[in-house]
Amino acid sequence: MAEQKVALVTGSAGGLGREVGRQLVAAGIHVIISARRPEAAAVAAADIGATALSVGLDVSSAESVAAAVRELEAGPGRLDILVNNAAAAATRRGW
Ligand SMILES: NC(=O)c1ccc[n+]([C@@H]2O[C@H](COP(=O)([O-])OP(=O)(O)OC[C@H]3O[C@@H](n4cnc5c(N)ncnc54)[C@H](OP(=O)(O)O)[C@@H]3O)[C@@H](O)[C@H]2O)c1
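Residues numbered from 1 in each chain as written. Predicted model: local features only at pLDDT ≥ 70, side-chain atom pairs only at ≥ 80, totals over all residues. Heavy atoms only, no water.

*Asks:* Just checking my understanding: could you explain the nonpolar core for this structure?
*Replies:* For soluble globular proteins, the rule of thumb is that nonpolar side chains tend to be buried together. Counting 15 residues, the largest nonpolar core has Leu24, Val25, Ile29, Val31, Ile33, Ile48 and Ala52 as its most contacted members. Among the secondary structure elements, those contributing two or more residues to this core are strand E1 (6-9), helix H1 (15-26), strand E2 (30-35) and helix H2 (38-48). By residue number, the principal contributor to this core is H2, which donates five residues. Contacts of valine 25, omitting those with residues within four sequence positions, involve Val31, Ile48, Thr51 and Ala52. Leu8, Ile32, Leu57 and Ala68 belong to the second-largest nonpolar core, a separate cluster that totals seven residues. (Core = buried A, V, L, I, M, F, W, Y, C linked by side-chain atoms within 4.5 Å. Buried < 20%, exposed > 50% of the residue type's maximum accessible area, 1.4 Å probe, protein only. Helix = DSSP H or I, 4+ residues; strand = E, 2+ residues; numbered from the N terminus. Contact = heavy atoms within 4.5 Å.)

*Asks:* Mind showing me how you'd approach the pattern of salt bridges here?
*Replies:* Under the criterion given, the structure shown has four salt bridges. Several salt bridges converge on common partners, so that one network encompasses Glu3, Arg78 and Asp80. (Salt bridge = Lys/Arg side-chain N within 4 Å of Asp/Glu carboxyl O.)

*Asks:* Could you clarify how one ought to interpret the site of the ligand in this entry?
*Replies:* As a matter of local geometry, the ligand sits amid 15 residues, with Leu16, Arg36, Arg37, Asp58 and Asn85 nearest to it. One of the backbone N or O atoms of leucine 16 is found 2.6 Å from an oxygen atom in the ligand. Backbone polar atom of alanine 87 to an oxygen atom of the ligand: 3.4 Å apart, as the coordinates give it. For the ligand, the accessible surface in isolation is 880 Å², of which the surrounding protein chains cover 58%. Looking at the shell around the ligand residue by residue, the class counts come to seven nonpolar, five polar and three charged. (Near = heavy atom within 4 Å. Polar contact = N/O pair within 3.5 Å; in protein donor to acceptor, adjacent residues only side chain to side chain. Areas by Shrake-Rupley, 256 points an atom, 1.4 Å probe, with all protein chains shown as cover. Nonpolar A, V, L, I, M, F, W, Y, C, P; charged D, E, K, R; others polar.)

*Asks:* How do you make sense of the pairing of strand E3 (residues 52-56) when you look at a structure like this?
*Replies:* Side-chain positions along a regular strand alternate between the two faces of the sheet. Where E2 meets E3, five bridges bridge the pair, whose relative direction is parallel. Residue pairing across strands places serine 34 opposite valine 55, the latter belonging to E3. Crossover handedness for the path E2 to H2 to E3: right-handed. (Pairing = 2+ DSSP bridges. Right-handed = clockwise from strand over helix to strand, strands pointing away.)

*Asks:* Any chance you could explain the sheet that holds strand E4 (residues 81-83) here in plain terms?
*Replies:* Sheet strands associate in pairs through backbone hydrogen bonding, adopting either a parallel or an antiparallel arrangement. Strand order in the open sheet made by the four strands is E3-E2-E1-E4, with parallel pairing throughout. Sheet topology places E3 and E4 at the edges, where each strand pairs with a single neighbour. Each strand axis lies, on average, 20° off the axis of its neighbour in the sheet, ignoring direction. Relative to E2, E1 runs parallel, the two being bridged by four bridges. Bridging across to E2, leucine 8 finds its partner in isoleucine 32. Its contacts with the sheet place helix H3 (residues 62-74) against E1, E2 and E3, and it is angled at close to 145° to E3. (Axes fitted to C-alpha atoms, helices over the stretch in contact; angles between N-to-C directions.)

The following block contains the structure:
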């Protein structure tokens, strides 16, 4: 049997990202739900199902990205799919 693929969806505690996460889980993929608020990501992952885990991740912060990579390395140990859904403004003044 093929190993289960692992996907990370950024900004997936709500909105479109959460729905993408739900559909990936329905397709048999192990999904990491992520958002700046780890508690919101955890609630969404618990709602979505047993093959959804969660991690706190702010895509606008290099430190947060590095911490999430460390969590992925210590957890599933692989990443097959990245859905870069979260939008983050490049400057404090927005787009
Ligand atoms: N909705 C639309 O009509 C529409 C149309 C065109 C394009 N889009 C694009 O589709 C994507 C999703 O839109 P949406 O409406 O579903 O968004 P949303 O409902 O506002 O959801 C945003 C999600 O992203 C997380 N998030 C926000 N900033 C983040 C950051 N810096 N790093 C990581 N996670 C972050 C939020 O949780 P936290 O607050 O906990 O981080 C939340 O889980 C965005 O890229 C948006 O630009 C949406």
